[in-house]
Amino acid sequence: MSYNHSPYLSDTPLYKKAMEIFALSQSISTYLNHDLSELKEDGSEDQHIYFSGDIVQQSVSLAPEIANAERERYSDRKHKHIDALKRLTNRLYKNAYRLEHSNSNGKDFLPILRSELRKFKKLQRTWMLSL
């Protein structure tokens, strides 16, 4: 995945971590989909299948929000992107936690994702101070 941004941005630890989280989320979702896509005995689908798609959608939005915040000149607009990034991170963390309760072997990888998200949140706090 490539975004139009300055070369400096792709070298930042926060941006790199966002890209790692995206790749990890995508891999976990693919793995989970094999287990969760089958219908239950009563013909209904597993409710956790939607959370697996959500983690990909949310993680793919992390890097663009970082880039948008970096690009903004005005403080209020910058803070809108920062707030969006915080919301995405929190939703991603919550959905990863929800998926840990799914009936799949892939759920063993979700604590790794949540650990990476905690590291991302620390980097995010440092990054916000630099803006």
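With that out of the way, let us pick up the environment of aspartate 35. With respect to the helices, strands and loops of the structure, aspartate 35 is situated in helix H2 (residues 13–36). As a C-alpha pair, aspartate 35 and arginine 87 span 52 residues in sequence and 28 Å in three-dimensional space. Setting aside anything within four residues of it in sequence, one finds aspartate 35 in contact with Asn103, Ser104, Asn105 and Gly106.

Mapped onto the elements, serine 29 comes out in helix H2. On the accessibility criterion, serine 29 (5% relative accessible area) is buried. Apart from the residues lying within four places of it in its own chain, the contact partners of serine 29 are Ser52, Gly53, Ile55 and Val56.

This part takes up the packing of aromatic side chains. Following the criterion strictly, the structure yields one aromatic pair and no others. Arranged with centres 5.6 Å apart and planes meeting at 80°, the rings of tyrosine 31 and phenylalanine 109 form a pair that is edge-to-face. Of this pair, tyrosine 31 sits in helix H2 while phenylalanine 109 sits in the loop between helix H5 (75–99) and helix H6 (110–130), placing them 78 residues apart in sequence. Looking at tyrosine 31, the relative accessible area reads 39%, which means it is partly exposed. Under the relative-accessibility criterion, phenylalanine 109 is labelled partly exposed at 38%.

Conventions used here
Residues numbered from 1 in each chain as written. Predicted model: local features only at pLDDT ≥ 70, side-chain atom pairs only at ≥ 80, totals over all residues. Heavy atoms only, no water. Helix = DSSP H or I, 4+ residues; strand = E, 2+ residues; numbered from the N terminus. Contact = heavy atoms within 4.5 Å. Buried < 20%, exposed > 50% of the residue type's maximum accessible area, 1.4 Å probe, protein only. Phe/Tyr/Trp six-rings, centres within 6.5 Å; stacked < 30°, edge-to-face > 60°.

These figures capture arrangement, not role.
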